[in-house]
Amino acid sequence: MDDSSSHSHTQTIEFPRETDGLPEARKTELVELDDGDEFELDIMPVKKRIGDATVRMLAYNGSVPGPTLKVPQGGTITVHVTNHGDLDATVHWHGLRLENRYDGTHDTQAPIPIGETFTYKVHVPDAGAFWYHPHIREDYGQEMGLYGNILATSSDADYWPPVNRELVLTLDDILIEDGQIAAFRESETTHVAMGRFGNVMLAAGEPDLSLEATRGEVVRFYFTNTANTRVFNVALPGAQMKLVGADAGHYEHEELVEEVLLAPSERAVVDVRFAEAGKVALEHRTPERTYPLAAITVAEEHAEPSHADQFARLRSNRDMAEQRERIEPFLKAPPDKTLSFVAEMDMGVPEGVPVVYVCPMHPEVVSEEPGSCPKCGMKLLAQAAEATTYVCPMHPEVTSDKPDRCPKCGMKLLPASLVEAGGGHDHGDAEHGHHGHEHHGHHGEPEHGHDAAQGIEWEDDMLELNRMTTPANMRWKLVDRETGAENAQIDWTFHVGDQVKLRLVNEMNSDHPMPHPFHVHGAGRFLVLARDEVVEPNLVWKDTVLVRTGEIVDILLDVTNPGRWMAHCHIAEHHESGMMFSFNVLPPPA
């Protein structure tokens, strides 16, 4: 198709979306592997039913999610990956401190051409839930279904509390328009400003997942957020939730919780006790609405054996208590390195006419001079100063001379120039309530996430403008505060055995302040020391940390693996726009 992007008038080629002749997606398998076993993993297109739509997706071994690989802690498996997908591929083994040459990035291996195979030696040193996904056009591959879990069983029988059974569950969203997954360009990433939010929620790859439990049963859920950009806030009203672990291990202290927050790529290990028979809903809750993720039917029969007493006990773990003592000298020490998170946005200025500057998220904020929105900090964008007509992107027949809300769906009316430039695509009902309902029972006038929603972008508040953003007009940056180096120009070297204090600063002085999940590859693992100078109350080993809008987070990286390793924002579109760098780890000094 011919399409003019924001920065060129060349032909735009899209990745395929046809489903004719494709095999049906299979059910996800649990594959138990022993140390030394080999496994075949194929990347392949499939067709999958999601609601009323049959869509083309990409799958590992024909399923979305791909197979769950259950491996003993300390084990090493050999995985032969064959690429029958749409483009060159790698597989990144997220969170695993394995040998550098098998990390699955362009820094560590030649990409796998279509039709070719690459063999990974996958070492699993830590207990918990990890996952695998692409690291070339991650925005495309993950959205299309390329993700799967690795469940590492602990070598310590008492590492986790006792449960009746375990369940691995991915949480995702997907953007469906006109019965197809919204188009991707081969040449460039779109939705770069906020990332690609979906309008259909998926749990274990399904929009309407049904699960079963029995009364009194304790089930361990390993949750993994595989979404491109959405932060999930998971709740199970009607059941009891105990948070026991996260990315790479168990917490210092187990705690009963009402909800669990997961940024893209984060994992949470949650023990759930279903005390009463009946219906329970797994939900994603935001300040404005609630989305059902799965329906759980709890049968009357009582689970055996009963783990009620053990569930009620909130354990403390000695190994993490020892880490608490170890980090004490680092809490007040200056950081070794400081990274700023910054956005630069250039959407152009209309020529030959007077202009005003408008906030895309708060279109009522208008200024005669360039600047930032006082409500959310975002850069004001230039538009022609003549009388502005506001229109609903979902219902273009709804117009107004004021930035009101649509009476049909409650969405903010946007300047017509932005909607027309963005193409006016219909997102379907799901974005506005088909898969969710208003948490407070009405649309109201929700404020943007920066000032009223815990520093998190819960939804895409500027749909059409976000669609228009590409690396050409929106640049996300990690900046070394000491040297001024940005993204790939950052040049750090550490040694095995180093303890590196990193300060992560999410700048409000940025063209689009928003939260970022910061991920460090397998050079080591880290502990969160403090957020805005408040010491982290419950330690756990991490590989990803959510840095909220305007927040300062200190982490302590325990460097264990030599090689060249990546660090990046795990919003897939930010990663693809350059918000990443690589650093070197050398053997211990003599």
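Trainee: Describe the overall build of the chain, with residues and values.
Mentor: Each helix and strand in the chain was counted, giving seven helices and 40 strands. Out of the 590 residues in the chain, the part that is buried amounts to 59%. At a minimum sequence separation of 6, the contacts of the chain that also span at least 24 residues come to 76%. Here the chain displays about 22,800 Å² of accessible surface, and carbon together with sulfur accounts for 48% of that area.

Trainee: Describe the sheet that holds strand β37 (residues 544-547), and please don't skip the residues or the numbers.
Mentor: Read from one edge to the other, the open sheet built from five strands follows the order β32-β40-β39-β34-β37, with strand pairing classed as mixed. Either end of the sheet is taken by a strand with one partner, and the two such strands are β32 (493-495) and β37. Recorded for the sheet is a direction-independent mean angle of 25° between the axes of neighbouring strands.

Trainee: Let's hear about the environment of Leu 465: which residues, and what values?
Mentor: Its location among the elements puts Leu 465 in helix α6 (residues 463-468). Its relative accessible area of 3% is what places Leu 465 among the buried residues.

Trainee: Quick one: what's the story with the pattern of salt bridges, residue by residue and with numbers?
Mentor: By the definition in use, this model includes 34 salt bridges. With a shortest N-O distance of 2.7 Å, Glu 99 and Arg 101 are connected by a salt bridge. According to the relative accessible area criterion, Glu 99 is partly exposed, its value standing at 43%. Take Arg 101: its relative accessible area is 47%, and that puts it in the partly exposed class. Between Glu 177 and Arg 467 there is a salt bridge, and its shortest N-O distance comes to 2.9 Å.

Trainee: Can you explain the nonpolar core? Please cite residues and give values.
Mentor: Formed by 53 residues in total, the largest nonpolar core has its most connected members in Leu 69, Trp 93 and Val 122. Here this core gets six residues from one element, more than from any other, and that element is strand β3 (residues 53-60). Not counting the four nearest positions on each side in its chain, Trp 93 is found in contact with Leu 41, Val 79, Leu 98, Tyr 102, Asp 103, Tyr 120, Val 122, Trp 131, Tyr 132 and Ile 150. Residues Phe 197, Leu 502, Met 579 and Phe 581 belong to the second largest nonpolar core, which totals 51 residues.

Trainee: Quick rundown of the environment of Thr 493? Include the residues and the values.
Mentor: Its place among the elements puts Thr 493 in strand β32. We classify Thr 493 as partly exposed; its relative accessible area is 42%. In this structure, the C-alpha to C-alpha distance between Thr 493 and Val 585, residues 92 residues apart in sequence, is 5.7 Å. Non-local contacts of Thr 493, meaning those with residues more than four positions away in its chain, are made with Asn 584 and Leu 586.

Trainee: Can you break down empty space enclosed by the protein residue by residue, with the values?
Mentor: Taken as a whole and assessed by the stated rule, the structure comprises six cavities of 30 Å³ or more. Reported here for the largest cavity is a volume of approximately 80 Å³. Every residue lining the largest cavity is counted, 13 residues in all, and those nearest its centre are Leu 87, Asp 88, Ala 89, Pro 134 and Leu 146. Per-class residue counts for the lining of the largest cavity are seven nonpolar, four polar and two charged.

Trainee: Break down the confidence of the model for the chain for me, citing the residues and quoting the values.
Mentor: Across the chain, the average pLDDT comes to 88, with 88% of residues at 70 or higher. Scored below 50 in pLDDT, residues 1-10 shows 16 contacts in the model against residues more than four places distant or in partner chains. Every residue in residues 421-452 is under pLDDT 50, and counting partners more than four places away or in other chains gives 88 contacts.

Trainee: Give me unusual backbone geometry: which residues, what numbers.
Mentor: For the bond from Val 64 to Pro 65, the omega torsion is 0°, close enough to zero to count as cis. Position of Pro 65 relative to the elements: it lies in the loop between β3 and β4 (68-72). Across the junction of Glu 304 and Pro 305, the peptide omega takes the value -5°, indicating a cis bond. By the secondary structure assignment, Pro 305 is in the loop between β22 (289-302) and α2 (308-312). Here the phi dihedral of Glu 533 falls at roughly 70°; this positive angle occurs in a residue that is not glycine. Inspection of the secondary structure assignment puts Glu 533 in the loop between β35 (524-531) and β36 (534-535). With a relative accessible area of 80%, Glu 533 lands in the exposed category.

Trainee: Explain the pairing of strand β9 (residues 148-153) residue by residue, including any values.
Mentor: Within β9, five of the six residues are buried, which leaves the element mostly enclosed by the surrounding structure. Judged from the four bridges that link them, β4 and β9 form a sheet pairing that is parallel. Paired with Val 71 across the bridge in β9 is Ala 152. In the sheet, strand β8 (residues 128-133) pairs with β9 via five bridges, with the strands oriented antiparallel. Counted as the bridge partner of Gly 128 is Ala 152 from β9.

Trainee: Any details on the packing of aromatic side chains? Residues and values, ideally.
Mentor: Here the distance between the centres and the angle between the planes together describe a pair of aromatic rings. Within the structure shown, the criterion is met by 14 aromatic pairs. Where Phe 581 meets Phe 583, the ring centres are 6.3 Å apart and the plane angle is 45°; that geometry is what we call tilted. In this structure, Phe 581 and Phe 583 share a single accessibility class: buried. A connected cluster of aromatic rings, assembled from ring pairs, spans Tyr 60, Trp 93, Phe 118, Tyr 120 and Tyr 132. Above the plane of the ring of Phe 184 lies Arg 196, whose end atom (NZ or CZ) is 3.6 Å from the centre. In this arrangement the basic side chain of Arg 230 is found over the ring face of Tyr 291, its NZ or CZ atom lying 5.6 Å from the centre.

Reading guide: rules and limits
Residues numbered from 1 in each chain as written. Predicted model: local features only at pLDDT ≥ 70, side-chain atom pairs only at ≥ 80, totals over all residues. Heavy atoms only, no water. Helix = DSSP H or I, 4+ residues; strand = E, 2+ residues; numbered from the N terminus. Buried < 20%, exposed > 50% of the residue type's maximum accessible area, 1.4 Å probe, protein only. Contact = heavy atoms within 4.5 Å. Areas by Shrake-Rupley, 256 points an atom, 1.4 Å probe, with all protein chains shown as cover. Pairing = 2+ DSSP bridges. Axes fitted to C-alpha atoms, helices over the stretch in contact; angles between N-to-C directions. Salt bridge = Lys/Arg side-chain N within 4 Å of Asp/Glu carboxyl O. Core = buried A, V, L, I, M, F, W, Y, C linked by side-chain atoms within 4.5 Å. 1 Å grid on protein atoms, 1.4 Å probe; cavity = no way out; pocket = protein on both sides within 12 Å on 5 of 7 lines; lining within 4 Å. Points joined across faces, edges and corners; volume = space filled by probe spheres on them. Nonpolar A, V, L, I, M, F, W, Y, C, P; charged D, E, K, R; others polar. pLDDT = per-residue confidence, 0-100. Phe/Tyr/Trp six-rings, centres within 6.5 Å; stacked < 30°, edge-to-face > 60°. Lys NZ or Arg CZ within 6 Å of the ring centre and 35° of its normal.

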